[in-house]
Amino acid sequence: MGLLDYASDQAAKLLILKHTFLGPKPEWTADNIPDLSGRVMVVTGGNAGIGAEIVKELLKHNAKVYMLARNADKARAVVAALKEETGGKEALFVPLDLADFASEEAVHVLFNNAGLFGQGERTTPAGHDLMFATNAMGPHLLTTLLLPALERGAAASADGRARVVALGSATAYFGRLRFDALAAGPARDALGTDALYAQSKLADVLLAFEGARRYRARNVVCVALHPGIVRTELMINAEGFENQMMVGFARARTPDSSATSAHAPPWTAPAPAAGSAGCAYAALCGNLADPDELNGKWLVPWAREVPFPNKLGNDEELAKQLWDWVEKELESQ
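Residues numbered from 1 in each chain as written. Predicted model: local features only at pLDDT ≥ 70, side-chain atom pairs only at ≥ 80, totals over all residues. Heavy atoms only, no water.

## Overview of the nonpolar core
Phase 1 of the analysis: Among the nonpolar cores identified, the biggest contains 51 residues, and F132, L150, Y173, L177, W298, F308 and L322 are the most heavily contacted of them.
Phase 2 of the analysis: Ignoring anything within four residues of it in the chain, the contact list for W298 reads S169, Y173, V205, F209, A224, L225, H226, R304, E305, V306, P307 and F308.
Phase 3 of the analysis: Among the nonpolar cores identified, the runner-up in size contains 39 residues, and A63, V78, V223 and A280 belong to it. (Core = buried A, V, L, I, M, F, W, Y, C linked by side-chain atoms within 4.5 Å. Buried < 20%, exposed > 50% of the residue type's maximum accessible area, 1.4 Å probe, protein only. Contact = heavy atoms within 4.5 Å.)

## A word on the sheet that holds strand β3 (residues 92–95)
Phase 1 of the analysis: Taken together, the eight strands give an open sheet; going across it, the order is β3-β2-β1-β4-β5-β6-β7-β8, and neighbouring strands pair in mixed fashion. Pairing within the sheet leaves two strands with one partner each, and these edge strands are β3 and β8 (304–306). When the angles between neighbouring strand axes are averaged without regard to direction, this sheet yields 25°.
Phase 2 of the analysis: Relative to β3, strand β2 (residues 64–69) runs parallel, the two being bridged by four bridges. (Pairing = 2+ DSSP bridges. Helix = DSSP H or I, 4+ residues; strand = E, 2+ residues; numbered from the N terminus. Axes fitted to C-alpha atoms, helices over the stretch in contact; angles between N-to-C directions.)

## Digging into the packing of helix α6 (residues 193–215) against helix α10 (residues 316–331)
Phase 1 of the analysis: In the contact formed by α6 and α10, the axes pass within 9 Å of each other and the chain directions differ by 95°. In terms of orientation, α6 lies roughly perpendicular with respect to α10. Residues A203, L206, L207, E210, G211, R213, R214 and Y215 of α6 form the contact with α10, whose participating residues are E316, L318, A319, K320, L322, W323, D324 and V326.
Phase 2 of the analysis: Taken together, the residues that form the contact of α6 with α10 break down as nine nonpolar, one polar and six charged. (Parallel < 35°, antiparallel > 145°, perpendicular 65-115°, else oblique. Nonpolar A, V, L, I, M, F, W, Y, C, P; charged D, E, K, R; others polar.)

## What to know about the packing of aromatic side chains
Phase 1 of the analysis: All chains considered together, the criterion is met by nine aromatic pairs.
Phase 2 of the analysis: Summarising the aromatic geometry, the rings of W298 and F308 are spaced 5.0 Å apart at their centres and angled 80° between planes, so their arrangement reads as edge-to-face. One end of the pair, W298, is in strand β7 (residues 298–300); the other, F308, is in the loop between β8 and α10, with 10 residues separating them in the sequence. Grouping residues by exposure puts W298 and F308 together as buried.
Phase 3 of the analysis: Ring pairing ties together the aromatic residues Y173, F209, W298 and F308, which thus form one cluster. (Phe/Tyr/Trp six-rings, centres within 6.5 Å; stacked < 30°, edge-to-face > 60°.)

## Here's the deal with the environment of A289
Phase 1 of the analysis: Locating A289 in the fold gives a position in the loop between α9 (273–284) and β7.
Phase 2 of the analysis: Each C-alpha atom of the pair A289 and D159 lies 9.5 Å from the other, and the pair is 130 residues apart in sequence.

## Points about the pairing of strand β6 (residues 220–225)
Phase 1 of the analysis: Most of β6 is tucked away, with six of its six residues classed as buried.
Phase 2 of the analysis: Burial along β6 is two-sided: V220, C222 and A224 and V221, V223 and L225, pointing in opposite directions, are all buried.
Phase 3 of the analysis: Relative to β6, strand β5 (residues 162–167) is paired through six bridges, and the arrangement is parallel. Note on β6: the bridge partner recorded for V164 is C222.

## Quick word on the pattern of salt bridges
Phase 1 of the analysis: One pass over the structure, following the stated rule, counts 18 salt bridges.
Phase 2 of the analysis: What emerges from the salt-bridge pattern is a single network uniting E210, R213, R214, E316 and D324. (Salt bridge = Lys/Arg side-chain N within 4 Å of Asp/Glu carboxyl O.)

## Thoughts on the packing of helix α4 (residues 130–156) against α6
To describe two helices that pack against each other, one gives the angle between their axes and the distance between the axes.
Phase 1 of the analysis: Contact geometry of α4 with α6 gives a least axis separation of 7 Å together with a crossing angle of 20°. One finds that α4 runs roughly parallel with respect to α6. Between α4 and α6 lies a crossing of right-handed hand. Taken together, the residues of α6 that come into contact with α4 (itself represented by M131, F132, N135, A136, H140, T143, T144 and L147) are T193, L196, Y197, S200, K201, A203, D204, L207 and Y215.
Phase 2 of the analysis: Its residues placed into classes, the contact of α4 with α6 shows nine nonpolar, six polar and two charged. (Left-handed = near helix turned anticlockwise from the far one by under 90°.)

Just geometry here; none of it tells us what the structure is for.
Written out as structure tokens, the structure is:
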């Protein structure tokens, strides 16, 4: 890594600290979620972490919620637990590879929450980097499959919009996109796990911003966000001193002290509930009068809009190139 790249990475890490830990107290929380009766929500990775908290809050406010997950046993256990927590309200579990469930239904909001960190040595059967396939290609494919249902949701919504919320990561701030490193090969093998993860999350943001441009005419709003550094399985399994420092610092900035378990050590990050409010804000646009105001925008804790700081994420030509590359790869499978 050259000196300029190193300096850029360090600046990005300082910005992550600022956006995650130094923001004001939240003005919009889960208590501000309106009644969602008649609304249909889809949450990927809803069987753990922030995803499970999103499902719980949506159920509490009377939405119909589909939980998409790969681990059926774990998902059904979470469905049962949430049913008890919410007084009998039940999410509908759907295996993640059966995305045609919504072919007869309008979908008002899709939360692309499922993600993967680690296992940097692994690739998919098609040869793609596993984190890139999970964090970028998968959400893009699911959004494409659900687009007709989202359009029906927009037509049935009071504000005439459906929404796609991409749960990103501030690691995208120092992500770089190398097309020769998206699949198995020497270029990919030369990158470490952190660089591959940052690349996948930058790609996630690029695809979300490009979706905002392409789907505007179809009344589908796309928002990307950094939900915060919270105590999820993904973060618990994060490797390296810097990552664990981030997790430790996060606890002091949780907006709700009750969101952290009383049994957790004092240096741990806040529980996933702390990250769910910004996701709900992105999906419901809070009290914004303009339904398109958050289209193509980037949010940080807790439900604050800021410019996306990595210039690559704002490169429209790069986003188009990535979109076309992903489409071509998916068509070939």
